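# Chains, contacts and geometry: an overview
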Amino acid sequence: MKGYINTIKNFLSSTEDEIIFELKQLYPQANESLIRSWHTLVSDVKNSENITDLPEDCTIAIEYSLSTDAMAVDLMFLGFDKNNKKNAVMIESKQWNDEFIKSHNFACYREAESELHPQIQISRYKLSFCDYLNAGHNYTVTPYVFIRNCSSHGITELIEKNPSNTAVCIPIYNKIDKIICEACKKIVMGSTDLISELKNATFKPSKSIEDAMNAIVSSEEAFVLTPEQEKAITEINESIKSGKKIIRITGDAGSGKTAVLLNLYVQYINSKDSDIFPIFISGAQNTAYYRSKYKRAEYSFSYSYTTVKTIKQNSDKTCIVLMDEAQHNKSNLITKIINEDAVVVLCYDVKQIIYADNPIKELKEIEMRDDFTEVELTGSVRFNGSQVAEENIRNCLKGNTDCKNDDLFEFKIFNNLGSFQQKITETIQNNPESSVAVIGLLSEDYENYLTALNPKSRLFAKWGKREECNWLPYINRKNYLNENNGELWVGTWWLPGLDVDYVAVIAGGDVKLTANGIKAVPKQSKNYRTMISVARKMNFPERIISNNNSETVKNIIEFINEPGNEEIKSKYISSFSKYLRNIYYIMLTRGKKGCFVYFTNSEL
């Protein structure tokens, strides 16, 4: 792995400009903001009163790259403690002041309107270093956060804003001297051998990560392979050996495409072939869920936007990218990955496109390459063996509610909230071992409809950051009538890539069921990204698009309702309806044994 890696002695004898020059050579794409932060950090360390208290042969690393999610640690000190055990002090550096902390929201992940909390950030760096690098397995790592421009009051406020209970104990200091003083207590000896060890470190999940991932694919029902899926894995491996660079897995909903990808990942991390570097991309929604559910192995699940950087950082390996839900990526990402000489095993479904800025055209062009091949899954673990369940669901979304008879899969359409609730309750009572999920794309107005306007409603929604990461464990506990005073928690997302026994879908105020299919009602929708992608595709005026999604959606709705924009409004609603139909298709096809759908707004 790369970064500025040297002894304390050589660091202190080098000028600041020499160190920055070396960093710029290592990271030629670094922007001016990052370079300025390097200058500041190097200056702070050089001017520390305590830096000479560390052993001269103690190792210092700056902007040290890690093997997962294109991470890089701002600063590390490494050496041996008094018991001759390897120790590393790991530091995340920020130049925030009190006003910045006071005016910003902080989240567990990088989000459009929130900052990643630095205590969470450095805790993940520690996990990546210790559990995903062969050199890190034997280190005791102590993480710190350094915020040079804020007061003790600002630090207290930042700690209070930490959304995760697991990282609040990580110390935050506004003086680098204090952290270096702590490092001196942990590191009493150095060795130049550690420099070589860091430079030559490679991706290698620890035994605990291997065990965790093995447990997931062997015990989670959705990931246990069928004979057909096992055969598909063999075909994929043979295709890679024969020189194929792009392999697409095809199959209907529930055919096990995700199971194949995840099992391939586990096979590769268990492999004795140290030249293979697998990257499992599970799709944005699923990544957040998988990371929350499988905390120990969270960096086995990657976000697509970090992929190219991660490949570059592991360019000496054979990178194999295993990409689920490829239809949700931005255009040109997969081409960039291929251009980095990586192998790509992916799956995508044109019936599940939910954004106007999608890569389907690019994916179709890639399929024309000589090094492309396809592996098909014909079976399905969903729909209980039914041959007409998916047809009934599709017809429903097209406005045809006359369903074919089906003894294998229960599909019912409701226009009455009471009957819908009663059906869900009866299903839970009659099937205590089955998982039952109530989901819907509910606006906040419609949440009020479920509660205040319907006192007898047993359904409630809960809004907030990453609430679905709490909702999914609730679904898996299967104790619905004994939690939340017997009220049923409605998941406010579209449940991609995940299966339950019975799914109950509320088509809320965001759509109207018509004879021509479901029609979007933009002012009731919470699908901000989809709405904005359609507006961009239609070249709406730039003044409408802002950095704030909710404000942008408000501007879109005002624009399409302006006098003289009737044709634009009609085209916008038609296009948005197409993507909403796909989203509802995803939700309606999550059930393995049955699906119930309640249309609150129907012309039929």
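The text that follows walks through the structure, step by step, so that each part is easy to find. It should be emphasised that the depicted structure is a prediction, and the values quoted were computed from it without experimental measurement. (Residues numbered from 1 in each chain as written. Predicted model: local features only at pLDDT ≥ 70, side-chain atom pairs only at ≥ 80, totals over all residues. Heavy atoms only, no water.)

Judged by nonpolar contacts, the single largest core of 167 residues is most densely connected at Tyr 64, Phe 129, Met 213, Val 345 and Phe 420. At 11 residues, helix 22 (residues 566-588) tops the list of elements feeding residues into this core. Residues Phe 11, Ile 51, Cys 58 and Phe 77 belong to the second largest nonpolar core, which totals 30 residues. (Core = buried A, V, L, I, M, F, W, Y, C linked by side-chain atoms within 4.5 Å. Buried < 20%, exposed > 50% of the residue type's maximum accessible area, 1.4 Å probe, protein only. Helix = DSSP H or I, 4+ residues; strand = E, 2+ residues; numbered from the N terminus.)

Turning our attention to empty space enclosed by the protein. Across all of its chains, the model carries two cavities of 30 Å³ or more by this definition. Taken as a whole, the largest cavity spans an internal volume of roughly 60 Å³. Around the largest cavity, the lining is made up of 14 residues, and of these Thr 68, Pro 278, Ile 279, Tyr 299 and Ser 302 lie nearest the centre. The greatest single-element share of the lining of the largest cavity, amounting to four residues, is contributed by strand 10 (residues 276-281). (1 Å grid on protein atoms, 1.4 Å probe; cavity = no way out; pocket = protein on both sides within 12 Å on 5 of 7 lines; lining within 4 Å. Points joined across faces, edges and corners; volume = space filled by probe spheres on them.)

Looking at the element boundaries, Asn 87 is found in strand 4 (residues 86-94). By relative accessible area, Asn 87 is classed as buried at 6%. Separated by 10 residues in the primary sequence, Asn 87 and Phe 77 place their C-alpha atoms 8.3 Å from one another. Those residues in contact with Asn 87 that lie beyond four places of it in its chain are Phe 77, Leu 78, Gly 79, Asp 81, Tyr 139, Thr 140, Lys 186 and Ile 187. (Contact = heavy atoms within 4.5 Å.)

With that settled, the discussion passes to the sheet that holds strand 3 (residues 72-80). Strand order across the open sheet formed by six strands is 1-2-3-4-7-8, with mixed pairing between neighbours. Edge positions in the sheet fall to strand 1 (4-7) and strand 8 (172-173), since each of these pairs with one other strand and no more. In this sheet, strand 7 (residues 140-147) lies alongside strand 4 in parallel orientation, the contact comprising eight bridges. Counted as the bridge partner of Ala 88 is Val 141 from strand 7. This element, helix 5 (residues 118-132), spans strand 2 (59-65), strand 3, strand 4, strand 7 and strand 8 of the sheet and lies at about 145 degrees to strand 4. The strands touched by helix 7 (residues 176-186) are strand 3, strand 4, strand 7 and strand 8; relative to strand 7, the strand with the most contacts, the crossing angle is about 170 degrees. (Pairing = 2+ DSSP bridges. Axes fitted to C-alpha atoms, helices over the stretch in contact; angles between N-to-C directions.)

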